[in-house]
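Read off the chains here:
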Amino acid sequence: MIRPILQHPDPLLRRICDRVPEISDEIKALASDMLETMYDAPGRGLAAPQVGELIRLFVIDTTWKEGAATPIVFVNPQIIATAPEQQTNAEACLSISDQSLDIARPSWVDVVWTDLNGTEKHDRFDGFAAACICHENDHLNGKLILDYEVAA
Ligand code: ZN
């Protein structure tokens, strides 16, 4: 089911989201809806607060626009390490229409999260995926790309 995407300055986009206590059927249905909504938008990432659910969950797929889909659902993600080097990408947000901002992010991030089977995962992401994860993780803390100084 495609869900409406909240638009800035909706105050729900500024809240700190709660941890997901367990992988319930509702969580699985939400993740499925979020992927459908993201592909429809179309976008490469979507966080639960963008559809009005104030929980720590986001989805990304950084490759589908170029070919093969590689969806990943992150539940209770934590970025546990970041590269000392930065990269800059033009970032857009499905909650902010017609704006793209150059934002500096770590060139890689190490992330731990829970998948929809309840399994704890740990992986390193680099390039655009790292930036996308940082962007979506910011949403779980009420932070938007508008809050960054534009990279020089
Ligand atoms: Zn966004």
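Just so we're clear, the structure is a prediction, and the values are computed from it rather than from any experiment. (Residues numbered from 1 in each chain as written. Predicted model: local features only at pLDDT ≥ 70, side-chain atom pairs only at ≥ 80, totals over all residues. Heavy atoms only, no water.)

**Digging into the packing of aromatic side chains**
Counted according to the given criterion, the structure contains five aromatic pairs. Ring centres of Trp113 and Phe125 lie 5.8 Å apart, and the angle between their planes is 50°; on these two criteria the pair is classed as tilted. Pair noted here: Trp113 is in strand S6 (residues 108–114) and Phe125 is in strand S7 (residues 120–126), with a separation of twelve residues, a long-range link. You can call Phe125 buried: its relative accessible area is 10%. Three or more aromatic residues link up through ring pairs in this structure, and these residues are Phe58, Phe74, Trp113 and Phe125. Positioned over the ring face of Trp108 is Arg124, at 3.5 Å from the centre of the ring. One Lys or Arg, Lys143, reaches over the ring of Tyr148 and ends 4.3 Å from the middle of that ring. (Phe/Tyr/Trp six-rings, centres within 6.5 Å; stacked < 30°, edge-to-face > 60°. Helix = DSSP H or I, 4+ residues; strand = E, 2+ residues; numbered from the N terminus. Buried < 20%, exposed > 50% of the residue type's maximum accessible area, 1.4 Å probe, protein only. Lys NZ or Arg CZ within 6 Å of the ring centre and 35° of its normal.)

**Some remarks on helix H1 (residues 25–40)**
With 16 residues, H1 extends 23 Å from end C-alpha to end C-alpha; this agrees with the ideal 22 Å at 1.5 Å per step. Here H1 has its buried residues at Ile27, Leu30, Ala31, Asp33, Met34, Leu35, Thr37 and Met38. (Expected span 1.5 Å × (residues − 1).)

**Points about the coordination of the zinc ion**
Here the zinc ion is held by Cys93 (SG), His135 (NE2) and His139 (NE2), and the distances to it run 2.0 to 2.3 Å. Mapping the donors of the zinc ion onto the primary sequence yields the spacing C-x41-H-x3-H. Taken together, the residues span a long stretch of sequence, with Cys93 in strand S4 (residues 86–93) and His135 in helix H2 (residues 127–140) at a distance of 42 residues. (Donors = N, O, S within 2.8 Å, 3.2 Å for Na, K, Ca; no water.)

**Let's talk about the pattern of salt bridges**
What the rule picks out here adds up to seven salt bridges. Sharing partners across several salt bridges, the network here consists of Arg3, Asp33 and Glu53. (Salt bridge = Lys/Arg side-chain N within 4 Å of Asp/Glu carboxyl O.)

**As for the side chain of Asp138**
With respect to the element layout, Asp138 can be found in helix H2. When neighbours within four sequence positions are excluded, Asp138 is seen to be in contact with Arg105, Lys143 and Tyr148. (Contact = heavy atoms within 4.5 Å.)

**Quick look at the pairing of S6**
Counting buried positions over the seven residues of S6 gives seven, a clear majority of the element. Of the two faces of S6, both are covered, the one formed by Trp108, Asp110, Val112 and Thr114 as well as the one formed by Val109, Val111 and Trp113. Where strand S3 (residues 72–82) lies against S6, five bridges are found, and the strand directions are antiparallel. Bridge pairing in S6 places Ile79 opposite Val111. Sheet analysis places S6 next to S7, joined by seven bridges and oriented antiparallel. In the strand pairing of S7, Val109 is matched with Phe125. (Pairing = 2+ DSSP bridges.)

So far we have only geometry, and geometry alone does not tell us how the molecule works.
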